[in-house]
Amino acid sequence: MMDGFDADIDAVVRVEGAFAQGFADYGDTTTTLSESLAEELREADDVHAVYPMVLSTGTVLDPSGEPVGTTGAPQFVMSWHDRPGSGYDLSGRAPNAPEEFVLDTATAQEAGLDVGDTTRIRLAGAEHEFRLSGVFTVAGATGLAGATIVGLDHAVAQDVVLGDTGAVSEFYLVGVEGKSQWQVADSVAPVLDLGTESVPMDVVRVENAADLGEALGFLTTVLLVFAGIAVFVGAFLIVNTFAMLLAQRGRELALLRAVGAGRHQVRLMVLGEAVVVGVVASVAGIIAGYGLTLGILRVAEAFGIALPDTTPVLDAPTMAAGVATGLGVTLVSAYGPIRRATRVPPVAVLRDEVAMPVSSLRGRLVAGLLLVATGGVSVARGVTSPEGDLAAWQVGLGGAAVVLGVALLAPVLSRPVVAAVGAPITLLGVSGRLGRANAMRNPRRTAATASALMVGMTLVTMIAVLSASMAASLDRWIDDELGFDFIAQPDGPNGTITPEAVAELGDVEGVERVLALRFGMTVTDDQPMPMGGIAGDEVEEAWDLRMVDGSPPERDTQFAAREDVADAHGWRTGEEVEFRFPTGASAELELTGRYEPSDVYPLPVLLDTSGYAEHFDEELTAFAYLDTAGPAGTELRDELNSVADAHSGLGLMDRGELKEFYGDQLASLTNLVYVMLAMSVVIAALGIVNTLALATAERTREIGLLRAVGLARWQLRRMVRLEATVIAAFGALTGVAVGLGFGWAFQQILVDLREFSVPTGQLATLLVLGVGIGVVAAVWPAWRAARMNVLRAISAE
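The structure reproduced in this document is the subject of the present report. Chains are numbered independently. Their residues run from 1 in the order of the written sequence. For a predicted model such as this one, the threshold for reporting local features is a pLDDT of at least 70, and the threshold for listing and counting side-chain atom pairs is 80 or more; totals across whole chains, interfaces and linings nevertheless cover every residue. Each side-chain value is worked out from all heavy atoms of the structure, with water and hydrogens disregarded.

1. Focus on the overall build of the protein
And then number 1: Only DSSP runs of H or I covering at least 4 residues are called helices, and only runs of E covering at least 2 are called strands; the numbering of each starts at the N terminus. Along the backbone of the protein there are 23 helices and 23 strands.
And then number 2: Classification of residues uses two cut-offs on accessible area relative to the type maximum, computed with a 1.4 Å probe and protein chains only: under 20% is buried, over 50% is exposed, and between them is partly exposed. Out of the 797 residues in the protein, the part that is buried amounts to 46%.
And then number 3: Counted over contacts in the protein with a minimum sequence separation of 6, partners at least 24 positions apart contribute 79%.
And then number 4: Here the accessible surface of atoms and residues is derived via Shrake-Rupley with a 1.4 Å probe, and residues count as covered only by protein chains that are part of the display. Only carbon and sulfur atoms are counted for the fraction: they give 58% of the accessible area of the protein, which is about 37,300 Å². Two residues qualify as a contact provided that any one of their heavy atoms is within 4.5 Å of a heavy atom in the partner residue.

As structure tokens, then:
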């Protein structure tokens, strides 16, 4: 779909990316070009047409005054040109008057706007009323993943967005027929000034795609990690299933050996069965995953999340990777049970019952203890000697070793833990005693069933602990380090606070001090460098900015740098560093000191306000922090709100609201993680269902005898449910205990998490959930066992 945007454009003339001011690549209203350059561009031999463009961001308000499309997707405002081949399909007419605009179809539908309706649009810190003259789709797509695109008459856009009728953001060039994009871009290069560049449109599209890929890269990594977790948990289910199925087929395998089949032949036969199961299950999983993706898209639409009108891609490499992963995991997981099953001697067929060879727990005990000890040492080294990424790797790899070690030790731990956990259910009579005894009967089976749930509970507990610790750390950071009572900020990712708004906030009676964080882009060592401007004499006191050495800048010829940035560039206190500014001028500034990384001041380089004013033409303020003379009463808050309301798009929060704001953001993130981790818990529940179903089939004669001696159906169902409950409780308790340890370890190495908090309520809920999983998972196996015919069950072999 991205290739359909501005499909007719061959090249773009723009300010060099290093000097684009702001926090994002779009919505830049501070770095502009002169529209007079258009005449020189048109004279180039390979240029057919030149379209001056205003590109910025803005917020569409619905008829009730509420913002539309505020889910984090970009909100574009641009000059509208009726260009053939642009990819924009307009219904209605173009904006030909100062009060008209066009809007993408999806946003118009979301806002409830029809052609001819009027609404307000927030642009450059002010609200303007416009009438909708047309709606359009882009490259045939009605949904743009929540993005908003507003088109204005070019002159109107210059006036209300840039505030300069002679300025533009970029020039779009259409080349002469037969000329390549590179030829068009190169043909205008001679007339461009320093700091301006001409770029082929395909390069721009690649840059945009790369930015999108980088933004989605984190999500892709997270999804792959959770997919790996799901596969790992599923491996426990496969091991358990093959072990039980082959145990039931013990006589069959022994008979094959007795009539002449070699051990390797039997092993290959069963491996062939595993191959068929792996391939069929993988293909079914791919189909189910594709269907789940379609379902997620529909659910997203139901919740008002607009996504592009594109069909999910299921290509051959993806299918091959899915089948290879599923098949590989199946074979690796099934090999151990298959190897043990094929060790049955042929003479065993002469016996009434054939038991699978069982290895001693001694080897598992030694290996488990070794892994736990090694992992514990790695975690301890990461916690006690944090060294950035190395500490995270030490804790992560050590934690993985501990999980594997606990999984190996689970059969050893299961008897005492299950005995203790299951003690209360013995009070429920014979069903409770039998259920507890069944859970203790086969430690390996119990451990394998519970281990899948243990892994899921470990991860969920760790996330819960880290989330609670992060919330506690944020509260402490706001209380201890943010030495202000209010924070003012734009309501969009690309907005700024006007100097007038900062001044008016400072003039409110009761406001003692306003500290504004100004920002801009420079170039040093041929690299873009964000730079901030703050009054140097207020930095240490108001922002708790800790200087490693030296002092904050006090003159326009000085700057300070964050310690890691200075070290990366080899800067030392007292030396001079050359910076190139958006004005085109260069200046050598003296490094007066280095400061520690700060949550309050995120920028890598700091100028004094005099230096900022000297080197930047326009004042860009990202945040303004307000300190009041005393407790902020209702009257003071009302006055501050009136100032904020007078400047459209300006938000104001006190400490409590700031905590709530960050808390909501944190909750949104952790809820997403919980949803993903739920998949591992669902797989664990399937494992319990599968194990109990196979176990009841394996114990058919035993169940028949229990029924024959007087055990009622309801007692049998209770027995199976209590057995599942004990197994689930064992996995949940182990997982919560291990997850608590991991949560503490990661909290220790994450410098931003200064508080360790245990969410006791959430952990108690997790334990109840774990027990509930056992109860729910046992419903079908218990029902199936209770419906067995008693006489047939007793006569079963």
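2. Considering the packing of helix 20 (residues 713–749) against helix 22 (residues 779–786)
And then number 1: In this analysis, axes come from line fits to C-alpha atoms, helices being fitted only over the stretch in contact, and the angle between any two N-to-C directions falls in the range 0 to 180 degrees. Taken N-terminus to C-terminus, the directions of helix 20 and helix 22 make an angle of 145°; their axes are 8 Å apart at the nearest point. Crossing angle aside, the handedness with which helix 20 passes helix 22 is right-handed. Within the contact between the two elements, helix 20 uses Arg713, Leu716, Arg717, Val720 and Arg721 and helix 22 uses Pro781, Ala782, Trp783, Ala785 and Ala786.
And then number 2: Any residue outside Ala, Val, Leu, Ile, Met, Phe, Trp, Tyr, Cys, Pro, Asp, Glu, Lys and Arg is labelled polar, Gly included; the first ten of those are nonpolar and the last four are charged. Class assignment for the residues of the contact of helix 20 with helix 22 results in seven nonpolar, no polar and three charged. Two helices cross in a left-handed way if the nearer one is turned anticlockwise from the farther one by less than a right angle. They cross in a right-handed way if the turn is clockwise.

3. Here we look at the pattern of salt bridges
And then number 1: Here, a salt bridge means any Lys or Arg side-chain nitrogen found within 4 Å of an Asp or Glu carboxyl oxygen. According to the stated counting rule, one finds 19 salt bridges in the structure shown.
And then number 2: We note a salt bridge from Arg513 to Asp627, for which the minimum N-O separation is 3.2 Å. Pair noted here: Arg513 is in strand 15 (residues 511–524) and Asp627 is in strand 22 (residues 621–628), with a separation of 114 residues, a long-range link. The pair Arg513 / Asp627 is uniform in exposure class, with both members buried.

4. Digging into helix 3 (residues 154–162)
And then number 1: For helix 3, the tally of buried residues reaches seven of nine residues, placing the bulk of the element in the interior.
And then number 2: Within helix 3 the residues assigned to the buried category are His154, Val156, Ala157, Gln158, Val160, Val161 and Leu162.
And then number 3: In protein, a polar contact requires one atom able to donate a hydrogen and another able to accept it; more generally it is a pair of N or O atoms within 3.5 Å, and residues adjacent in sequence count only if both atoms are side-chain atoms. If you check the start of helix 3, you find a side-chain oxygen 3.2 Å away from the backbone N of Ala155, and it comes from Asp153.
And then number 4: Residue Gly163 follows helix 3 closely and has a positive phi angle near 70°.

5. Points about helix 21 (residues 760–777)
And then number 1: Expected span of a helix, by definition, is 1.5 Å for each gap between consecutive residues, and there is one gap fewer than residues. With 18 residues, helix 21 extends 26 Å between its outermost C-alpha atoms, agreeing within 8% with the 26 Å of an ideal straight helix rising 1.5 Å per residue.
And then number 2: Among the residues of helix 21, Leu763, Leu766, Gly770, Ile773, Gly774 and Ala777 are the ones counted as buried. For helix 21, the arc enclosing every buried residue in end-on projection is 95°, short of the 170-degree limit, so these residues lie on one face. In helix 21, the exposed positions angled more than 90 degrees off the buried face are occupied by Thr760, Thr765, Val768 and Val776. When we speak of the arc, we mean the arc of directions from the helix axis to the C-beta atoms.

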